[in-house]
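# Analysis of the macromolecular model
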Amino acid sequence: MSFLDEILKYPTDEVLSRIEAKSGADVEQALGLERLRVDDFMALLSPAAAPYLETMAGKAHRLTRQRFGNNILMYAPLYLSNLCTNGCLYCGFNATNKVPRQTLAFDEIEREAQVLYDRGFRHILLVTGEAPHAVNNDYLAEAAQRIRHLFSSIAIEVYPMEESGYRQMVEAGVDGLTIYQETYDRTLYADMHPFGRKRDYSFRLLAPERGGAAGLRRIGIGALLGLGHFRVESFYTGLHALYLSRHYWRSHLSVSFPRMRPAEGGFAPLHPVSDREFVQLICALRLLLPDAGLVMSTRESATLRDNLLPLGITQMSAGSCTSPGGYAGPEESTRQFNIDDDRSAAEVEEMIRSKGYEAVWKDWDRAFLDRATPYATSDAAL
Ligand code: SF4
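All figures in this text were calculated on a predicted structure; none of them were measured in a lab. (Residues numbered from 1 in each chain as written. Predicted model: local features only at pLDDT ≥ 70, side-chain atom pairs only at ≥ 80, totals over all residues. Heavy atoms only, no water.)

Let's shift gears to the environment of Glu 130. Positionally, Glu 130 belongs in the loop between strand S2 (123–127) and helix H7 (137–147). Given a relative accessible area of 6%, Glu 130 falls into the buried group. Discounting residues that sit within four places of it in the chain, Glu 130 has contacts with Leu 83, Cys 84, Thr 85, Asn 86, Tyr 159, Pro 160, Arg 197 and Lys 198. Side chain to side chain, Glu 130 and Asn 86 meet in a polar contact 2.8 Å long. (Helix = DSSP H or I, 4+ residues; strand = E, 2+ residues; numbered from the N terminus. Buried < 20%, exposed > 50% of the residue type's maximum accessible area, 1.4 Å probe, protein only. Contact = heavy atoms within 4.5 Å. Polar contact = N/O pair within 3.5 Å; in protein donor to acceptor, adjacent residues only side chain to side chain.)

As structure tokens, this is what we get:
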């Protein structure tokens, strides 16, 4: 039994019609519950929940304060390579895009890491495309070993690996895995990934489970908003998060909600997500997953990030560069996508403080994970 079996119980068309059929009474019932069931979550994602957004936001805020206090974990991505053999239609690193390509040598990685360390970061996310001829497990393990003395947490956002690959990462000092399914809709997934290893929907879908089995203590998932219908994608993301938290409870789970940004290739979102819809899905996910980290990256504008902070966000990137080598030197290669919030890490920290929160640079996650029951998901939740 894996999440592949679980998701098959919820065909895409059926999910959308069930969500769209929810009423105001369903939303009110969901808002009165401590723990949401699948149908309650659907109600909060439905058009009928739109008039209840303020109530949802208030509840999401209170729940987050209760579970996380006023802490916002700071992290930064470190792009190691933009080589990629995949054809993801929406990505600037797509193999068919004629853009400058670069894979950092180990001394360049050390320089990039030192810049991020000097800016205060102790949590970093190593990012690459999928190009096995240039970037493989040994390269990533070596990169992690070279910089692990600088950071309390190193996560990877790279191609999906076998469980043995994730074990190799753990041994090298990697403790976290972020992997987005992009879209949970299998048909759309095939359309968006016309060639390359990434075409394998199931192998990607089950990567978080392999990572959990390998002992990675932090797992991050999400869907790329703009591909499928946001109500359906958010539903599957929540379902996936519940599944992982129940079966891999030793790993702390986080959910991201990356909205598509302009990128090389000019792909336009198929289902744009408005700010209001964006707020709705964040609140719904928080109410479903009281203990999950919710991650907000620099894809979003400074104004929106500032305003969304109190809704349930627990982790933020800042001062991000989405091309390899762009921290220590001039950006010479193409960005994966254009960021929207280009404030420095210090400016974001100041904003966080001004909102009554505290920017946390060191590994507070470790203490959080030491709680006796990080996930108290009951069987009734599904
Ligand atoms: S999304 Fe990832 S796998 Fe797809 S083209 Fe971009 S870098 Fe490659």
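Here the focus is the site of the ligand. Surrounding the ligand, one finds nine residues, the nearest of these being Cys 84, Asn 86, Cys 88, Cys 91 and Lys 198. Looking at the shell around the ligand residue by residue, the classes come out as four nonpolar, four polar and one charged. (Near = heavy atom within 4 Å. Nonpolar A, V, L, I, M, F, W, Y, C, P; charged D, E, K, R; others polar.)

One pass over the structure, following the stated rule, counts 11 aromatic pairs. Ring plane angle 65 degrees and centroid distance 5.5 Å describe the contact between Tyr 10 and Phe 235, whose orientation is recorded as edge-to-face. Taken together, the positions of Tyr 10 in the loop between helix H1 (3–8) and helix H2 (12–20) and Phe 235 in helix H12 (residues 230–247) put the pair 225 residues apart, joining distant regions of the chain. Assigned by exposure class, Tyr 10 and Phe 235 land together as buried. Taken together, the ring pairs in this structure connect Phe 3, Tyr 10, Phe 41, Tyr 184, Phe 235, Tyr 236 and Tyr 243 into an aromatic cluster. For the cation-ring pair, Arg 259 lies above Phe 278, with the distance from its terminal atom to the ring centre recorded as 4.3 Å. (Phe/Tyr/Trp six-rings, centres within 6.5 Å; stacked < 30°, edge-to-face > 60°. Lys NZ or Arg CZ within 6 Å of the ring centre and 35° of its normal.)

A positive phi angle is found at Glu 182, which is not glycine, with a value near 75 degrees. We classify Glu 182 as buried; its relative accessible area is 8%.

A full pass over the atoms with the stated rule returns 20 salt bridges. With a closest N to O distance of 2.9 Å, Arg 67 and Asp 291 form a salt bridge. Taken together, the positions of Arg 67 in helix H5 (residues 53–68) and Asp 291 in the loop between helix H13 (275–288) and strand S7 (293–296) put the pair 224 residues apart, joining distant regions of the chain. A salt bridge links Arg 259 to Asp 275, with the nearest nitrogen and oxygen atoms 2.8 Å apart. In this pair, Arg 259 is assigned in the loop between strand S6 (252–256) and H13 and Asp 275 in helix H13, connecting sequence segments 16 residues apart. A relative accessible area of 11% means that Arg 259 is categorised as buried. The exposure class of Asp 275 is partly exposed, given its relative accessible area of 42%. If you follow the salt bridges from partner to partner, you end up with Arg 305, Asp 306, Asp 341 and Arg 343 in one network. (Salt bridge = Lys/Arg side-chain N within 4 Å of Asp/Glu carboxyl O.)

Turning to the nonpolar core, a few remarks are in order. One broad rule of soluble globular proteins: the nonpolar side chains tend to lie buried together. Phe 235, Phe 257, Phe 278, Leu 281 and Ile 352 are the most contacted members of the largest nonpolar core, which totals 110 residues. Setting aside chain neighbours within four positions, we find Phe 235 in contact with Tyr 10, Val 15, Ile 19, Val 38, Phe 41, Met 42 and Leu 45. Formed by 16 residues, the second largest nonpolar core is a distinct cluster that contains Tyr 75, Cys 88, Cys 91 and Ala 155. (Core = buried A, V, L, I, M, F, W, Y, C linked by side-chain atoms within 4.5 Å.)

Bringing H12 into the picture now. For H12, with 18 residues, the first-to-last C-alpha span of 25 Å sits near the 26 Å given by 1.5 Å per residue. Among the 18 residues in H12, 16 count as buried, and that is most of the element. (Expected span 1.5 Å × (residues − 1).)

Looking now at the pairing of S2. For S2, the tally of buried residues reaches five of five residues, placing the bulk of the element in the interior. Residues His 123, Leu 125 and Val 127 point to one face of S2 and Ile 124 and Leu 126 to the other, with burial holding for every one of them. Bridge count between strand S1 (residues 71–79) and S2: four bridges; the pairing is parallel. If you follow Tyr 79 over to S2, its bridge partner there is Val 127. Following the backbone out of S1, through helix H6 (residues 106–118) and into the adjacent parallel S2, one traces a crossover that is right-handed. As a crossover connection, the stretch from S2 through H7 into strand S3 (residues 153–157) is right-handed. (Pairing = 2+ DSSP bridges. Right-handed = clockwise from strand over helix to strand, strands pointing away.)

Let's shift gears to the side chain of Asn 82. Structurally, Asn 82 can be placed in the loop between S1 and H6. Residue Asn 82 is classed as buried on the basis of its relative accessible area of 0%. Polar side-chain contacts of Asn 82 include one of 2.7 Å to the backbone nitrogen of Gln 102.

On to the pairing of S7, then. Consecutive side chains along a regular strand alternate between the two faces of the sheet. Side chains of S7 alternate between two faces, with Gly 293 and Val 295 and Leu 294 and Met 296 buried alike. The pairing of S6 with S7 spans three bridges and is parallel. Paired with Val 255 across the two strands is Leu 294, which belongs to S7. Pairing analysis gives two bridges linking S7 to strand S8 (residues 315–317), with the strands arranged parallel. Its bridge partner being in S8, Met 296 is matched across the sheet by Met 316. Between S7 and its parallel partner S8, the chain crosses via helix H14 (residues 302–308), and the hand of that crossover is right-handed.

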